[in-house]
Amino acid sequence: MIYLKLVWAYLKIGLFGFGGGYAMLALIEREIVGPGWITEQMFTDIVAISQMTPGPIGINSATYIGYIAPGESSQMFSSPLFGILGSLVCTLVVVLPSFFLTTYTSHFITRHKESAIVKGVFSGLRPVVVGLIASAALLLMNSANFGSVSSDVITSIIICVLAFCVVFFTKIHPILVIVLAGIAGYFIF
C-alpha cells in the first residue's frame, strides 16, 4: 500500500537526512522520484513551492508529496481525502525522528559541549553538510530544469538575476519580490 511505502521512505529521510532541507533534497529525490510516485519536473516544482511557503523545505515537501503521491500511484487514491491523509502521515513521519533524536541528545550535548570528542564530531559534520547542500544544487540542475536552452530558460534566468539584484541591492522586502516574480512569470509564461 502506498501509505506504508511513504512511511518507510519518510522514516529513512527523517532518520538519515541531516543538515537541513537542502541537504535532504538528494535523499528525498531518490526516495520519492525513484519509485515513480512523482516525476523529476514535479519534484522541481515541489522544491520551488516549498521555498515560497513558510516553514522548512523538508516538512513542506513531505506535506506536498504526501498529498500528491497517493493520487499519482493509483486512481483509487485520487480523492482529496487520501491526499490529506498522505500529507498528515508524511509530515508526521519526517518530523518524529528528529524530534526524538533532538530530545534525547540535547541533554547529552549540553552536558558535554566542551568535550573534544563532541567538538570533533561537529567539526566533521560541517563539511559533510556543505557537500550535501552542494549535491542538492547539482541535483536541481537536471534535464527537467535545463534540458535545452530555450527562450523560457533564458527568461527564467533573467527573472532570477533581476530578483536577486533587487533583493541584494535595494531595501525591497523579499516577499514582495517573490510576489512580483510570480506575477511576471504568470504573464510571461
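Going by the structure above, here's the rest.
Described below are features of the structure shown in this document.

What counts, and where the lines are drawn
Residues numbered from 1 in each chain as written. Predicted model: local features only at pLDDT ≥ 70, side-chain atom pairs only at ≥ 80, totals over all residues. Heavy atoms only, no water. Axes fitted to C-alpha atoms, helices over the stretch in contact; angles between N-to-C directions. Helix = DSSP H or I, 4+ residues; strand = E, 2+ residues; numbered from the N terminus. Parallel < 35°, antiparallel > 145°, perpendicular 65-115°, else oblique. Left-handed = near helix turned anticlockwise from the far one by under 90°. Contact = heavy atoms within 4.5 Å. 1 Å grid on protein atoms, 1.4 Å probe; cavity = no way out; pocket = protein on both sides within 12 Å on 5 of 7 lines; lining within 4 Å. Points joined across faces, edges and corners; volume = space filled by probe spheres on them. Nonpolar A, V, L, I, M, F, W, Y, C, P; charged D, E, K, R; others polar. Expected span 1.5 Å × (residues − 1). Buried < 20%, exposed > 50% of the residue type's maximum accessible area, 1.4 Å probe, protein only. Polar contact = N/O pair within 3.5 Å; in protein donor to acceptor, adjacent residues only side chain to side chain. Phe/Tyr/Trp six-rings, centres within 6.5 Å; stacked < 30°, edge-to-face > 60°.

At a minimum axis distance of 8 Å, the contact between helix α1 (residues 2-16) and helix α5 (residues 80-111) shows a crossing angle of 30°. In terms of axis orientation, α1 runs roughly parallel to α5. Considering only the axes of α1 and α5, their crossing is right-handed. Side by side, α1 and α5 meet where Y3, L6, V7, Y10, L11, I13, G14 and L15 of the first sit next to F82, L85, G86, V89, C90, V93, V94, P97, S98 and L101 of the second.

Here we come to the layout of surface pockets. Its volume calculated, the largest pocket comes out at about 1,400 Å³. Along the walls of the largest pocket sit 33 residues, with T44, A48, S156, I159 and C160 positioned nearest its centre. Elements with a contribution of two residues or more to the lining of the largest pocket: α3 (40-52), α7 (143-146), α8 (151-169) and α9 (174-188). It is α8 that provides the largest number of residues to the lining of the largest pocket, a total of 10 residues. Of the residues belonging to the lining of the largest pocket, the class tally is 23 nonpolar, eight polar and two charged.

A few words on helix α6 (residues 116-139). Helix length check: α6, at 24 residues, gives a terminal C-alpha distance of 35 Å against a target of 34 Å (1.5 Å per residue), a fit within 8%. V118, V129, A136 and L139 are the residues of α6 that are buried. Looking at the packing, one finds that the buried side of α6 touches α2 (21-32), α3 and α5. A side-chain oxygen of the first residue of α6 lies 3.2 Å from the backbone nitrogen of I117; this N-cap is S115.

So, on to the packing of aromatic side chains. Pairs of aromatic rings are described using the distance from one ring centre to the other and the angle between the two planes. Tallied over the full model, the rule gives six aromatic pairs. Ring centres 4.9 Å apart and planes at 90° place the aromatic pair F168 and F169 in the edge-to-face group. Look at Y186 and F187: their rings are 5.3 Å apart centre to centre, the planes differ by 75°, and that puts the pair in the edge-to-face class. Each member of the pair, Y186 together with F187, is exposed. Chaining the aromatic ring pairs together yields one cluster made of Y3, F77 and F82.

Our next topic: the environment of L15. With respect to the secondary-structure elements, L15 resides in helix α1. When the C-alpha positions of L15 and T53 are compared, they lie 24 Å apart, and in sequence the two are 38 residues distant. Those residues within four positions of L15 in sequence are excluded, and the remaining contacts are P97 and L101.

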